[in-house]
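# Descriptive structure summary
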Amino acid sequence: MLINKKYIVTGSSSGIGKSISENLLNKGAIVIGISSETDKNKNRNKNFFHYKIDLSDTFKSYNGIIKIIKDNKNIDGIISNAGNGVFQSLENFSHIQIQHFINLNLTSHIIVTRALLPHLKKNNSGNIIFVGSESALKGRKFGSLYSACKFGLRGFSQSIREETLNNNVKVSIINPGMVKTPFFKKLNFIHGQNNDEFIEASDIGKVVLDILHLRDGTVIDEINLSPLKKVFVSKKN
């Protein structure tokens, strides 16, 4: 069903984005990967094409997506996944850091969708899948910026879903809890280490496939995923 379907995946070089890309490639899809770093796995599959774009730079990200659309005809959708996490008291962020963080974690999703939406509407079909977070469901201590972005992304997803339903564009958002990825590398806490204390990146990849395999008349609005047990472990300095 996904053979030769063409999808953009942002944040494709590692973690959730890499797993999503691999799942799509294994089903015969063509993946246009976007990340801010040179993809070390760019030769992993003949159907994988990488574009190096810093999505926190909103001007370059919009122009980059426009170039991708010109270079690649008949794009069938996007899995908008790029983002990072910083968790601390709001006063510890400079105004420049706040702007950069929101640009990557919220504005980039909006800009990328804006660039691709006319193409999908014109084709009268397509999928837009946002990878959000459980932080879109409840704000927590030291997560003010992260939750603000994820709450915003969730609201954006709901609005775009209503805007595009008559164009047969299906919009979904996945809100995972703590996923075992390099996301936690620079943070001072991490998920628990037992198998029931984290989500695997491959779990998200499988959910994306489930969404894309639904019949045309059905759309999954939102999926919330959690590890069976929620365990936060502080890292020792």
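Above: the structure in question.
Anyway, here's the lowdown on the structure attached to this text. (Residues numbered from 1 in each chain as written. Predicted model: local features only at pLDDT ≥ 70, side-chain atom pairs only at ≥ 80, totals over all residues. Heavy atoms only, no water.)

## So, the packing of helix 2 (residues 58-71) against helix 3 (residues 95-123)
The condition is simple: Interaxial angles span 0 to 180 degrees and are taken between N-to-C directions of axes, which are lines fitted to C-alpha atoms, for helices over the stretch in contact. To qualify as a helix, a DSSP run of H or I must reach at least 4 residues; to qualify as a strand, a run of E must reach at least 2; elements of each kind are numbered from the N terminus. Here roughly perpendicular refers to angles of 65 to 115 degrees, roughly parallel to angles under 35, roughly antiparallel to angles over 145, and oblique to all remaining angles. Crossing handedness follows the turn of the near helix against the far one: under a right angle anticlockwise gives a left-handed crossing, and clockwise gives a right-handed one. We call two residues in contact whenever any of their non-hydrogen atoms come within 4.5 Å of each other. Any residue that is not Ala, Val, Leu, Ile, Met, Phe, Trp, Tyr, Cys, Pro, Asp, Glu, Lys or Arg is counted as polar, Gly included; the first ten are nonpolar and the last four charged.
One can describe the packing of helix 2 onto helix 3 by two numbers: an axis separation of 9 Å at closest approach and a directional angle of 30°. By the criterion of interaxial angle, the relationship of helix 2 to helix 3 is roughly parallel. Here helix 2 runs over helix 3; the crossing is right-handed. Touching T58, S61, Y62, I65, I66 and I69 of helix 2 are N103, T107, I111, V112, R114, A115, L116 and H119, all from helix 3. Across the contact of helix 2 with helix 3, the residue classes tally to 8 nonpolar, 5 polar and 1 charged.

## Some points on the side chain of N103
Heads up, the rule is: Burial classification: accessible surface area is computed with a 1.4 Å probe over protein chains only, and a residue below 20% of its type maximum counts as buried, one above 50% as exposed, and the rest as partly exposed. Polar contacts, as counted here, are pairs of nitrogen or oxygen atoms within 3.5 Å of one another; within protein the pair requires one atom able to donate a hydrogen and one able to accept it, and residues that are adjacent in sequence qualify only if both atoms are side-chain atoms.
Position of N103 among the secondary structure elements: in helix 3. Residue classification places N103 among the buried positions, given a relative accessible area of 18%. A polar side-chain atom of N103 sits 3.4 Å from the main-chain carbonyl oxygen of S56. Not counting chain neighbours up to four residues away, the residues in contact with N103 comprise L55, S56, T58 and S108.

## Details of the nonpolar core
To keep it simple, the criterion reads: Residues grouped as a nonpolar core are buried Ala, Val, Leu, Ile, Met, Phe, Trp, Tyr and Cys residues, joined through side-chain atoms within 4.5 Å.
With 32 residues, the main nonpolar core has I8, I34, I68 and I128 as its most contacted residues. Secondary structure elements with two or more residues in this core: strand 2 (30-35), helix 2, helix 3, strand 5 (126-131), helix 4 (144-164) and strand 6 (169-176). If we skip the residues at most four places from it in the chain, I8 touches I32, I34, I68, I75, G77, I78, I79 and L116. Membership of the second largest hydrophobic core comes to 25 residues, among which are I16, I20, L25 and V179.

Structural measurements only, silent on function.
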